[in-house]
Amino acid sequence: MATLPDRARAVVIGAGIVGNSMAWHLARLGWRDIVLLEKGTLPSPGGSTGHASNFIFLTDHSKEMTAFTVDSVAQYRELGVFTQTGGIEVARTKERLQELTRRVTSSKSWGVEPVELLTPAQVKQKVPFIDEDVILGGIYWPGVGVVDSLEAGTLMRRKAQELGALTVAPGVEVTGLDTENGRIRRVRTDSGEIEAETVVIACGVWSPRIASMAGASIPLTPAIHQMIDIGPVAIFEHVDSAVGYPIIRDVDTNMYERQHGNEFEIGSYAHRPILMDPDDIPSIAEAALSPTMLPFTREDFDPQLEDALELFPEVVGDEKAGVKLAINGLLSLTPDGNPILGETSEVKGLWSAAAIWIKEAPGIAKTIAEWMTDAEPEIDPHGSDIARFYDHHKTTQHIAARTSEGYNKTYGIVHPSEQWASNRGVRLSPFYEREKELGAEFFEAAGWERPYWYGTNERLLAEYGDRVMPREAEWESRWWSPIINAEHLAMRDRVGMVDLSAFAIFDVTGPGAAAYLEHLCVNRVDVPPGKTVYTPLLNGAGGILADLTIMRLAHDRFRVVTGGGLGMRDKKLFTDALPADGSAQLFDATNSWTTIGLWGPRARDVLSSVTSADVSHQGFPFLTSKTVDINSVRTLASRISYVGELGWEIYVPIEQGLRVWDALWDAGQPHGLAPVGIGTYAVTARLEKGYRAHGNELELDFNLVEAGMARPTVKDADFVGREAYLRQREAAPVAVLCTLTVDDPTSKSGVKRYMLGREPILSTDGKPLVDSRGRRSYVTSAGSGPSVGKHLLMAYLPPDVAKVDTPLLVEYLGEQYPVTVAVAGSTPPFDPDNTRIRS
Amino acid sequence: MNILVCVKRVPQTGGRIVLTPDGQSIDTRFLGHTISPHEECGVEEAVRIVEKEGGTSAVLTLGPAEAEEQLRDAMAIGIDRAILLETGGTEWDPVSTAGVIAETIEAQEATNGEFDLLLFGNEAADTGDYQIGVRVAVALGRPVINGIKEIWFSDDRREVLARREAPGGGWETFDLPLPAVLGVKEGLNLPRYPSVPGRLRAKKKEIERVALGASPSGALGLGAGEDAAGIDSAIPGPTKLRLRLPAEERTAAEVIGRGPEAAPAVVDLLERIGVVAR
Amino acid sequence: MSGAVVAFVEHAGGEADRLSLEALALARGLAKLLGKPLDAVVLGSQGEAVARRLGSHGVGLAHTASDARLDDFAPAAWAASIRDVIERRSPAAIVAAGSERGNEVLAHVGACSGWPMAANVVEVTPGDSWKLTRQRWAGSLLEDAALDAPVRLLTVAPHAVAVDPLNTSAPAPTITRFEPELEPADLVARVVGREAKTSAGVSLTDAKVVIGGGRGVGSAAGFAQLEQLASLMNGAVGGSRVVTSLGWRPHSDQIGQTGLRIAPDLYVACGISGAIQHIVGCKAAKRILAINTDPDSPIMAVADYAVIGDLNSIVPAITAEIERRREAGRPST
């Protein structure tokens, strides 16, 4: 047993690939007195690192995940543990063939090149043992490879030890985590206690169990992934190198296959999802192979064998090649499929580095280490931030439902708007029943059921005809309806009502509230009561963390309103910054208030008919809020707009929400009021107005100058990121956020195609656009612009092409379409002077 | 050459055995199962003999319904057919087990002809009773020898020759007239892994099932063996009462050094305990 | 009906086998509990000579059959001889060693008589119903069981019972010679050929020092250094199951559940992680020295001494040190 130090600056629990990477990156960034605890033995402690297949495909449709992976491969290469083999995904269906073209576009957007589509014959050239008659084509990435993750971990431990930064303690089991006043204080183990102010949980499938020792929650579940190894395969006997053929993903059957030496490994994500309770994982001593290598359940795998045999008859059908190893390997699944990274919301100083695959581990560890050091990670981890979870996300039922549903999406063709089917209806607005009656098509956000469009608005289609920009292709029609665009036009013509219940709402109060908020926000928040402020939040490096609105309700009272998707992440940003002296407090009022958006040229007519309050332009100017009584309900109305129309967000105590909805509905009928879904609110109306959205245009990767959000002056008060922001304003922009219009969406086959986002923007000669920081231009948001009659795209472009009328190309599903820069900067394509909002 | 190999389904235990709370069996929730190692070699040997000599091979097991898995494993590497004596899950004592296997073999031979060779594992990995093969052989009146690590046949194929290790090293050869029974040990051969086509073929094969009822208790004589062995009845046993884990003998090893620099300390130790002369 | 406890004693080279002496120890305790005499059965032309020396192990009466056909292993014939003694003596129990031969012979006795047989017993409590504890999983697990039969047949687990200290003043046992009636069928399974072991030197089961190699040895060639060290201590070399499966050592050298169980004075485990299947084969060693890169490997839990590091540098260093001291003629301090 190792002797443990009494104290540590940081304790990393778990010495799989993640824990080893964490130890190294913390050491590299100057951390000392790091202790790496491991229950098992080194170098292969018994977690998923020991049995994972170790191959790395780089492209994910998620920019964040691809960035983690690309960074990881660079690190593995530097350690000398990466072997480039190339990798191929094959298509057995036409739908998959289209998906492969989408994989090409994502590769180009994220700079994972070269990438190449292959015919079956070309696949056969690279993989002579494949039956090319089974497939329709393939996609080939030469940069795919395999990594020795155990060696990588050993090297990283050694490097950290050489810096004198790390104590490695194998054979030590954590038995408890002590907290004090919400902070981690101590790690208890079977070999003694360690005082520590920072603890990183890198325990893979055991992470929930360890986190719960401190009262924190890491919502993942261990699940089984099956793989078998067959050999010796006669036709591999001549292969010189360990890996002589590209790795194959037979994605339509949810399988992968790889040759190594004279053996062939087959892995599957096709079987029923088999989840486990972390407490049920056998101990190292009890396990036959390792705790994460469980007995093979052959009945789950037999259908896969038939599929593998069909594709690789010579290899899998080799009568002399035996099934040498067959395991049910444990891996971590999360409710949304993303890793779980960052400081837990429950316990300060307790960090999660969980649900991470080998392909992305070093990149993620680097990101977390940067985040722990100065909160300025190079790669924006917001999609994986542990703080994204609401409480209901942490329930066993939700985890089980979503991971079961998500498991078979591992290699699935997942539409960017695809909705979850399981565990729906968790958060219902007061208007839910009304919306159902109106034929709402519900999309989920933060657990809320939100109407994306309303079936009963189908009547509007006749009114607007082709202006709704109907879609012919099935792919873009999926999770979409022309009714969205009809609602959009009806709102622009008359008035629409939008359910905004998914907002996250925090009330900040106290004598220090103004100073506290001023320090967090870029824009001046210390405004007269009644004013509403829209402001970004930055990190120290000037990267964009969030954007939100703040209403000053009184001298010591503010209301922060932010999107539901990252509501809990934003709440943590605010909570973490609260003054230690208690002069400001934050109350999460999300579940106290519901919100109705009322917008359109006739919004004032509707509102004035249900209230006696002065709602005239003079009496209720833009960017102000005030109390408005509606049918005996006291509401807070805020004159603001995310859709570019005259109107209000009306905040209503949640139990009285329905009363206000009904009052507005009734009053709106003479004015042609239509219920309007989020399809209009978040996409079409926003794009026409050039409004930026967090996670699309706004990320740590970009700054306010590039986003066209820099205001003429910078407030005097200090705020997080001010220094960086001032520097960014001085420098020439490296990229400019532009709005582009698709000139002609007609494909070669004569079908109009509409981009959905994340496609690469190319020069007219088909070359990728790369800015001087190496960032590629890609579509950050895409959608119809029914009022401008064009399909709209937003993209950051290098300054030389970020000029109005510059012709460019966008690549979509294997074809390139002409586009034109319509706006460089933040001028809205629709109503550029904002007369509607200010009418 | 017609060969029957008898196998047992046993859990693949890990570093530490965990018992069910009632102490009646091993907790196998997280354990896979396999053919007991000696018998795996028996299966391989049966396949090899039939590959070389012609004839047919069969595999038989007494166990729970799940033991089908092990029978299919055997068929996946080339055994022709399988017989499952289904117990319903309770463990049978060796006397009863041998009795019902002997009866089954007689019944099988009545319809399918005689087995030239019956192969058993020297002992099952789990219970370690060391007697099933001998009891079946005696019941059937056939010669038997255990501990076999090599098998071949006389030129006229009327005798089987078999070798086992002699105490203290070297080999002893036995020569039995067929039909005969052998208890084999690991080392007899290196069993092959099943191929994928083999697995898929095995999946489709029929398994002959015989339901035995819940437990062997009741009057289960030696049946087929009565005449041959001249015994009126057999007494079942031993009767399992409960299982328990031996007291753990975990000691902390005294680390006497690291790396080659430890050599003098090691030799000091060897001298102290008297295995190297001072 | 004597109610005696009869021990079946195997022997070689005129000496009772060690495992048989262990069985005798258990049988002697059992006889004491029952208040009955302890007998022995010793077969073969050397049998009587062996039997005469069993008095020091508490044997009062020895049944010897000097039929030369019983010299070599012939399990059915040996069993028939024991059944002859049973018939004449009506003992309470037959106790044999849990050796390959002991188990096989008693299985024959059980099969022919229709009585149950308990293999690898470590403890017996006689009573109305006899309770016993026996090994399963080669000793990783114990079974408490009941054994009821006119004559209890049991074998004693290897290395689970200590050999009794010799009582040199004890009188030689009374010898009863008998001539078992052997049917031709009893002699069908008998040794017809014999091949001496190919490797010179002491056998794994007899060696006072055994050096075991595991995956850490790295190759078949890597065993040369273990052989060299073993030769300096008149020891034998064995291996883990991995090693024999990989073909680095012959299968007959496997130490473990499906191989040999050894009980040397010193077992040196080199590059062996210590899976339970291996440990059951070596845990009867008086002392275990583990040489392993991993201080947390399971072998450390059973080892008495450990050297941490790569055996491929440590083993040659130990060999060199022994040779150096031999040349110097004196040990260093």
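On a predicted model such as this, the values are computed, not experimentally measured, just so you know.

Novice: A description of the overall build of chain C should follow, citing residues and the corresponding values.
Specialist: The secondary structure content of chain C amounts to nine helices and 17 strands. Over its C-alpha atoms, taken along the principal directions, chain C stretches across nearly 65 × 40 × 40 Å. A burial count over chain C gives 59% of its 333 residues as buried. If you take every contact in chain C between residues at least 6 apart in sequence, the share linking residues at least 24 apart comes to 63%.

Novice: Account for the overall build of chain A, with residues named and values stated.
Specialist: When its secondary structure is counted, chain A shows 20 helices and 39 strands. Against the globule reference of 28 Å for 839 residues, chain A gives a C-alpha radius of gyration of 28 Å, in line with a compact fold. Projecting the C-alpha coordinates of chain A onto the three principal axes gives extents of approximately 85 × 65 × 50 Å. Put simply, chain A has 839 residues, and 57% of those count as buried. Partitioning the contacts of chain A with sequence separation of at least 6, the portion at a separation of at least 24 is 73%.

Novice: Explain the domain arrangement of chain A residue by residue, including any values.
Specialist: For chain A, the assigned domains read domain 1 (7-196 + 221-333), domain 2 (415-503 + 590-683), domain 3 (506-581 + 689-731) and domain 4 (732-839). Grouping the constituent residues of the side of domain 3 of chain A that touches domain 4 of chain A by class yields six nonpolar, three polar and four charged.

Novice: How would you sum up the packing of helix α2 (residues 63-79) of chain A against helix α9 (residues 361-374) of chain A? Please name residues and give values.
Specialist: Residues and elements named next belong to chain A. With their axes 6 Å apart at the nearest point, α2 and α9 run at an angle of 105 degrees to one another. Taken together, the axis directions place α2 and α9 in an arrangement best described as roughly perpendicular. Each of F68, T69, D71, S72, Q75 and Y76 in α2 lies in contact with α9, whose residues at this interface are A361, P362, G363, I364, K366 and T367. When the residues that make up the contact of α2 with α9 are grouped by side-chain class, the tally is five nonpolar, five polar and two charged.

Novice: I'd love a proper account of the sheet that holds strand β31 (residues 633-639) of chain A, names of residues and values included.
Specialist: Residues and elements named next belong to chain A. In space, the six strands of this open sheet follow the order β30-β31-β32-β29-β23-β33, with mixed pairing throughout. Each edge of the open sheet is held by one strand with a lone partner, namely β30 (625-630) and β33 (673-675). Taking the axes of each pair of neighbouring strands and ignoring which way they run, one obtains an average angle of 30 degrees across the sheet. Pairing between β30 and β31: six bridges, direction antiparallel. Bridge assignment links T627 to a residue of β31, and that residue is L636. Across the face of the sheet, helix α14 (residues 482-493) comes into contact with β23 (495-499), β29 (593-599) and β33 while running at roughly 125 degrees to β23. Contacts between helix α18 (residues 657-668) and the sheet are confined to β23, β29, β30, β31, β32 (647-653) and β33, with β29 contributing the most and set at about 15 degrees to the helix.

Novice: Lay out the interface of chain C and chain B with the relevant residues and their values.
Specialist: Taken together, the contacts link 80 residues of chain C with 75 residues of chain B. As judged from the five bridges shared by strand β12 (residues 239-244) of chain B and strand β9 (residues 141-147) of chain C, these two strands associate in the antiparallel manner. Counted as the bridge partner of K240 of chain B is A145 of chain C from β9 of chain C.

Novice: How would you summarise the domain arrangement of chain C if you had to cite specific residues and measurements?
Specialist: Residues and elements named next belong to chain C. Taken domain by domain, chain C comprises domain 1 (5-187) and domain 2 (209-328). Relative placement of domain 1 and domain 2: their C-alpha centres are 33 Å apart. Listed per partner, the contact involves five residues of domain 1 and six residues of domain 2. When the residues that make up the side of domain 1 that touches domain 2 are grouped by side-chain class, the tally is two nonpolar, three polar and no charged.

Novice: Could you give an account of the pairing of strand β16 (residues 287-292) of chain C, with specific residues and numbers?
Specialist: Remember that side chains alternate between the two faces of the sheet whenever the strand is regular. Residue and element names in this part refer to chain C. With five of its six residues buried, β16 lies for the most part within the structure. When strand β15 (residues 266-270) meets β16, the two strands line up parallel, connected through five bridges. Counted as the bridge partner of L266 is R287 from β16. The handedness of the β15 to β16 crossover, carried by helix α7 (residues 276-282), is right-handed.

Novice: So what about the sheet that holds strand β27 (residues 557-562) of chain A? Which residues, and what values?
Specialist: Residues and elements named next belong to chain A. An order of β25-β26-β27-β24-β28 is seen for the five strands of this open sheet, with the pairing classed as antiparallel. Where the open sheet ends on each side, the last strands, each with one partner, are β25 (532-538) and β28 (585-588). The average undirected angle you get between the axes of adjacent strands in this sheet is 30 degrees. Two strands pair when backbone bridges link them, and strand β24 (residues 504-509) and β28 are joined in this way by four bridges, in the antiparallel orientation. In the strand pairing of β28, F506 is matched with D588.

Novice: Lay out helix α15 (residues 513-520) of chain A with the relevant residues and their values.
Specialist: All names here are of chain A. Burial in α15 covers these residues: A513, A514, Y516, L517 and L520. Down the axis of α15, the smallest arc covering the buried residues is 165 degrees, so these residues share one side. Considering only its buried residues, α15 is in contact with β24, β25, β26 (544-554), β27 and α16 (567-576).

Novice: Talk me through the nonpolar core; I want residue IDs and the actual numbers.
Specialist: Residues and elements named next belong to chain A. Formed by 143 residues in total, the largest nonpolar core has its most connected members in I34, I201 and A353. Those residues in contact with I34, other than ones at most four positions away along the chain, are A8, R9, A10, V12, A23, L26, A27, A160, A165 and L166. Judged by nonpolar contacts, the second largest core, of 129 residues, contains A735, Y778, L809 and V821.

Novice: Would you mind going over the environment of P45 of chain A in detail, with residue names and values included?
Specialist: Residue and element names in this part refer to chain A. Residue placement: P45 occurs in the loop between β2 (34-38) and β3 (55-56). Each C-alpha atom of the pair P45 and P768 lies 44 Å from the other, and the pair is 723 residues apart in sequence. Every residue in contact with P45, bar those within four places of it in the chain, is listed here: A15, G16, E38, K39 and G40.

Novice: Please provide a residue-by-residue account of α14 of chain A, values included.
Specialist: Residues and elements named next belong to chain A. Along its twelve residues, α14 runs 17 Å from first to last C-alpha, staying within 8% of the 16 Å computed at 1.5 Å per residue. α14 sits mainly inside the fold: eleven of its twelve residues count as buried. Turning to α14, its buried residues are P482, I483, I484, N485, A486, E487, H488, L489, A490, M491 and R492.

Novice: How would you summarise the environment of A247 of chain B if you had to cite specific residues and measurements?
Specialist: Take A247 of chain B: it is sitting in the loop between β12 and β13 (254-258). Between the alpha carbons of A247 of chain B and I3 of chain B there is a distance of 42 Å; along the sequence they are 244 residues apart.

Novice: Give me the packing of helix α3 (residues 94-112) of chain B against helix α4 (residues 132-140) of chain B: which residues, what numbers.
Specialist: All names here are of chain B. Between α3 and α4, the least distance of the axes is 9 Å, while the angle of their chain directions is 45 degrees. Judged by the inter-axis angle, α3 sits oblique to α4. Regarding α3 and α4, the two cross each other, and that crossing is right-handed. Only I132, R135, V136, A139 and L140 of α4 make contact with α3, whose side of the interface consists of P94, V95, T97, A98, I101, A102 and I105. Taken together, the residues of the contact of α3 with α4 break down into ten nonpolar, one polar and one charged.

Rules used in this analysis
- Residues numbered from 1 in each chain as written.
- Chains lettered and ligands numbered in written order.
- Predicted model: local features only at pLDDT ≥ 70, side-chain atom pairs only at ≥ 80, totals over all residues.
- Helix = DSSP H or I, 4+ residues; strand = E, 2+ residues; numbered from the N terminus.
- Buried ≥ 20, exposed ≤ 12 C-beta atoms within 10 Å, placed from the backbone.
- Contact = placed C-beta atoms within 7 Å.
- Rg over C-alpha atoms; globule rule 2.2 N^0.38 Å.
- Domains from an automatic or database assignment.
- Nonpolar A, V, L, I, M, F, W, Y, C, P; charged D, E, K, R; others polar.
- Axes fitted to C-alpha atoms, helices over the stretch in contact; angles between N-to-C directions.
- Parallel < 35°, antiparallel > 145°, perpendicular 65-115°, else oblique.
- Pairing = 2+ DSSP bridges.
- Right-handed = clockwise from strand over helix to strand, strands pointing away.
- Arc of directions from axis to C-beta.
- Core = buried A, V, L, I, M, F, W, Y, C linked by C-beta atoms within 7 Å.
- Expected span 1.5 Å × (residues − 1).
- Left-handed = near helix turned anticlockwise from the far one by under 90°.

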